[in-house]
Amino acid sequence: MIEFDRVTVTYDGATEPALRDVSFTVPEGELALVIGRTGSGKSTLLRAINGLVPHFSGGTLAGRVLVNGRDTREYRPRDLADVVGMVGQDPMAGFVTDTVEDELAYSMESLGVAPDVMRRRVEETLDLLGLADVRDRALTSLSGGQRQRTAIGAALTSHPAVLVLDEPTSALDPQAAEEVLAALQRLVHDLNVTVVMAEHRLERVIQYADRVVEVPGGSAAVSTGLPAERMVTAPVAPPVVELGRLAGWSPLPLSVRDARRAAVSLRGRLGDVAPLRSVAATGAELARCRDLVIGYGSVTALRGVTLSIKAGEVVALMGRNGAGKSTLLNALVGIVTPRSGTATAAGTDPLRTRPSKLVKAVGLVPQEPADLLYAATVADECAAADADFRMPAGSCRALLTRLAPDVDDKMHPRDLSEGQRLCLALAVVLCGAPPLLLLDEPTRGLDYGAKRRLVEILRELATAGHAVVLSTHDVEMVAEVATRVLVLAEGELVSDGETATVIAGSPAFAPQVAKILAPLPFLTVGEVATALERAS
Amino acid sequence: MWALGMAVAASRTRNPVLLVLILAVTGFVVSARRSDAPWAHSYAAFLKLGLVVIGVRVVLQALLSTRSQGNIVLFTLPEIPLPDWANGVKLGGEVTLEALLTALYDGLQLAVMLCCIGAANALASPRRLLKSLPGALYEMGVACVVALTFAPQLVTDARRIRAARRLRGRTRGSFRTTAMPVLEGALDRSVELAAAMDSRGYGRTAQVPRRQRRITGVCVLLGLLGILLGVYALLTDSMAFPLATTALAIGLLLAVGAMAIGRQRVTRTRYRPDPWALPEWLVVGSGALAAGSMITAAALGIEGLVLAGPLVVPPVPLLPVVGILLGLAPAVVAPPLQARRRELVAA
């Protein structure tokens, strides 16, 4: 169905090719998963499938890409629209119309499908993706999962043989991600659609994949294989695979269900060993909210939240999209004004403190990391950050090198991949080393390597007496780093407690290791490894 | 199209009674038929703009009035002597009732035309307008609508970026730290949207010989030119009536022909197009009748469209009044709200 034949892509002005000598095939009706580090060329590979690279992006493509027998050199993206459906990283950015139903019909209108066929297909797609009850809603009023499903539906109505998705679940909460993956699963199984998808959250998707395409980046060759085989040696692997490797299971389980079956003896060996957890050494109170009520227009985002965060804690803020997580973080840096109640950050009132003084007390990495970046090159940005925070020159660059080692000094911040840009924004804010550090969705678009480095840095900061609050959907990250978890729902604090007690018991928030080893209280592979050492 | 008719009607008269009547008619239709969408409040905004126009007109007239018209002096402002090069312009001085009234009526005419545009805005959404565009113009239309929807997005972006500046510890923003990120963000978004539209088949065209494409282009240009000429002539009496109508007719014919030829290149179809049935025809017809009655009245030289003098009590001519009242029809015949009105979209 899709055939890459010795494909090399070089963008205009780049010295190195973005993809080098890529050859692989994806047969009809398979779900192929594209994995690789941040910025390794996954998006380029996906966009080459429907001809956006090189027709839209510029640059040169050597070799040949065949999709359903059509050569992308001869067909423009618009002429491939009936064969390839494309869903970009941010579904909102790709919407052309303003209601769900019109959006679903848009590509068919462009392709000139007869009105009665259009009518039928829209109804079928609404049912297939469970969108029937939001058909008349404005796209801006939809939740994240609904938007993503609408984008998939819009690509599907023209009945393409191939569906290409770029990180479809990375911005979604666990429940919404499951909705989207279930929809994709139906497409592959029932409609024989070939799906190619790039995703960092392997723990969510690896079990559905029929084939893995690994894009290592740099000069290493792109390779393909079966998921179970690839996972034995892959440098990036979800917790379920790492646990399997640790326990020496063969064949390697990819889903929680398979792993649970294999884990009977492991559970027996771990039965009388409790996981070692370092208790957070908590110090002075660094953040406090009392009866915080915040609203935008007629919507109340927070309804009376009271909390206190102490130095040395790493607090994870969880909850559905739109539960009020970002609002809470913004209140702590004084971006939003509360209707009633107070918020204090590191002893200062964020609303009344001058920004230059406030950044020494509290730092926030916003959801859109690009908002923080102004300079024309990475080097300038780092220098400006050192000046802003009055730090010795080079301290920001050193942090960036630790987070993302291969970011080029001369790149424009906007040309970085999403993950690299996040690393840069993180480095800028971390550079000031404020006592209270707030991170809004820091793991979006990050690969496992970058996440691991982020975890190390956060742990270090906590040990050095900083307090860290991160809002996230990434349960594995929470299990690794958080000492305390707060769950928000509809603007209210619904649970507040130690990580193990809050997330292990919840069906949505439990990490894979906890699901596999339940009822034992383990959360991460690291905990299991140390417990096994102590047992033997 | 209905609103256009009413605006044409307004441009043909300076009779305050008729103008106020047109205003009342558009106001009534808007309040009867608007939805609760964000653009539905634009009628009030245009009404305010109209009031400002009248005010400015009257004040300027009072300040700059030359004593050329009328002799009933209302009050006298202190006169400021101007240098010689400003000969003929007078600042201050005596203000006559006639001059003020003329200014008021002129201002009113402009204000009523503005309100007609406001009515069109209040009753139609830009995206629905797009749906009723002829196929040949569709691609241009999409570009315009996308551009329109970007404006509110820019405001949101600017607000977010201003907030983010706090996080870098900066109090004052420069062009570099505010406008640049906003513009870069907008550019990124448009590139992404363009990629999405391209990969969804936007701009697929059927093969058409080159010569035919050229003919289409020339036809469109000539047609538009003809229409412009005709409309201008009709509204200003600067050309003989038959000549103006002929220019308009030829222009319309050419443009329609070009659209029809252009349509062959476009392979797209429409999803659930809005019906164009009797009510829609009635609505457009009522607007056209209102305009038509005014133009005929002007052509026949019926008394009362243009006042003999500013101080005459305005007469009420029968034909134009009936014509304007016909403009009320949409309030009754337009399809009900839930059927998504679009008859006024064409306005």
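Reading the values: rules and limits
Position labels on residues start from 1 in each chain and follow its written sequence. Following the order in which they are written, the chains are lettered starting with A and the ligands numbered starting with 1. In view of the model being predicted, local features appear only for residues whose pLDDT reaches at least 70, and side-chain atom pairs are presented and counted only at 80 or more, with totals across whole chains, interfaces and linings using the full set of residues. Working definition: helices are DSSP H or I runs of at least four residues, strands are E runs of at least two. Numbering for both runs from the N terminus. With C-alpha atoms as the basis for the radius of gyration, the globule rule is written as 2.2 Å multiplied by the number of residues raised to the power 0.38. Whether a residue is buried, exposed or partly exposed follows from its count of other C-beta atoms within 10 Å of its own C-beta, namely 20 or more, 12 or fewer, or something in between, respectively; the C-beta atoms are built from the backbone. Each residue is represented by a C-beta atom placed from its backbone, and any two residues with such atoms within 7 Å are regarded as in contact. In this classification, Asp, Glu, Lys and Arg are treated as charged, Ala, Val, Leu, Ile, Met, Phe, Trp, Tyr, Cys and Pro as nonpolar, and every other residue, Gly included, as polar. Nonpolar cores are built from buried Ala, Val, Leu, Ile, Met, Phe, Trp, Tyr and Cys residues. These are joined into a set through C-beta atoms within 7 Å. Interaxial angles span 0 to 180 degrees and are taken between N-to-C directions of axes, which are lines fitted to C-alpha atoms, for helices over the stretch in contact. Here is the rule for angles: anything less than 35 degrees is roughly parallel, anything more than 145 is roughly antiparallel, 65 through 115 is roughly perpendicular, and the remaining ranges are oblique. Note on convention: near helix rotated counterclockwise from far helix by under a right angle means a left-handed crossing. Clockwise means right-handed. Between any two strands, at least two bridges found by DSSP are needed for them to pair. Per-residue confidence from the prediction method is given by pLDDT, with values spanning 0 to 100.

Time to look at the overall build of chain A. Scanning chain A from terminus to terminus reveals 21 helices and 19 strands. Scaling as 2.2 N^0.38, a compact globule of 536 residues should have a C-alpha radius of gyration of about 24 Å, and chain A matches this with 24 Å. Per-residue burial for chain A yields a buried fraction of 54% across its 536 residues. Partitioning the contacts of chain A with sequence separation of at least 6, the portion at a separation of at least 24 is 69%.

Further remarks concern the interface of chain B and chain A. Chain B puts 36 residues into the contact, and the matching count from chain A is 46 residues. Mapped by element, the contributors of at least two residues to the side of chain B that touches chain A are helix H6 (138–167) and helix H7 (175–199) of chain B. A total of 14 residues in the side of chain B that touches chain A trace back to one element, the largest contributor, which is H7 of chain B. Considered class by class, the residues forming the side of chain B that touches chain A number 12 nonpolar, eight polar and 16 charged.

Bringing the nonpolar core into the picture now. Among the nonpolar cores identified, the biggest contains 188 residues, and Val 34, Val 196 and Ala 427 of chain A are the most heavily contacted of them. Ala 427 of chain A has contacts with Cys 396, Leu 399, Leu 400 and Leu 403 of chain A, leaving out every residue within four places of it along the chain. Phe 46, Leu 108, Val 112 and Leu 114 of chain B belong to the second-largest nonpolar core, a separate cluster that totals 22 residues.

Right, let's talk about the packing of helix H9 (residues 239–247) of chain A against helix H21 (residues 525–535) of chain A for a bit. Residues and elements named next belong to chain A. In contact at an axis separation of 10 Å, H9 and H21 are set at 15° when each is read in the N-to-C sense. With respect to H21, the element H9 is oriented roughly parallel. As for how H9 packs across H21, the hand of that crossing is right-handed. Together, Pro 239, Glu 242, Leu 243 and Leu 246 of H9 and Val 525, Val 528 and Ala 529 of H21 make up the contact between the two elements. In the contact of H9 with H21, the residues fall into six nonpolar, no polar and one charged.

Let's shift gears to helix H3 (residues 100–111) of chain A. Residue and element names in this part refer to chain A. Most of H3 sits out of view: 12 of its 12 residues are buried. Tucked into the core, H3 has its buried residues touching helix H4 (115–128) and helix H5 (144–156). The positive-phi residue at the C-terminal boundary of H3 is Gly 112, with phi of around 75°.

Regular strands place their side chains on alternate faces of the sheet. Residue and element names in this part refer to chain A. The sheet contact formed by strand E18 (residues 484–489) and strand E19 (residues 492–498) spans six bridges and is antiparallel. Within the sheet, the bridge partner assigned to Leu 488 lies in E19 and is Leu 493. Count of turn residues in the E18/E19 antiparallel hairpin: two residues, of which Glu 490 carries a positive phi of about 50°.

Moving on, we get to the sheet that holds strand E11 (residues 285–296) of chain A. All names here are of chain A. Pairing is antiparallel in the open sheet, where three strands are placed in the order E12-E11-E14. Edge positions in the open sheet fall to strand E12 (299–310) and strand E14 (340–345), since each of these has one partner strand only. With strand direction ignored, the average angle separating the axes of adjacent strands in the sheet is 20°.

Turning our attention to the sheet that holds E18 of chain A. Residue and element names in this part refer to chain A. Across the sheet, six strands lie side by side as E15-E16-E17-E13-E18-E19; this open sheet has mixed pairing. Every interior strand has two partners, whereas the edge strands, strand E15 (362–365) and E19, have only one. If you compare each strand with its neighbour and ignore which way they point, the axes differ by 15° on average. Of the pairings in the sheet, the one linking E15 to strand E16 (residues 436–440) comprises four bridges and is parallel in character. In the sheet register, Val 365 faces E16, and the bridge partner there is Leu 439. Where helix H17 (residues 448–463) meets the sheet, its contacts fall on strand E13 (314–318), E16 and strand E17 (467–471), and the angle it forms with E17 comes to roughly 145°.

Looking at chain B as a whole, the pLDDT averages 68, with 46% of positions reaching at least 70. Across residues 336–347 of chain B the pLDDT falls below 50, and counting only partners more than four positions away or on other chains, this stretch makes 35 contacts in the model.

This next bit is on unusual backbone geometry. All names here are of chain A. A cis amide bond links Val 53 with the next residue in sequence, Pro 54, at an omega value of 5°. Secondary-structure assignment places Pro 54 in helix H2 (residues 52–55). Going from Ser 250 to Pro 251, the amide bond is cis rather than trans, its omega being 0°. Inspection of the secondary structure puts Pro 251 in the loop between H9 and helix H10 (256–262). For Glu 167, which is not glycine, the phi torsion reads 45° and is therefore positive. Structurally, the position occupied by Glu 167 is in the loop between strand E7 (162–166) and helix H6 (174–191).

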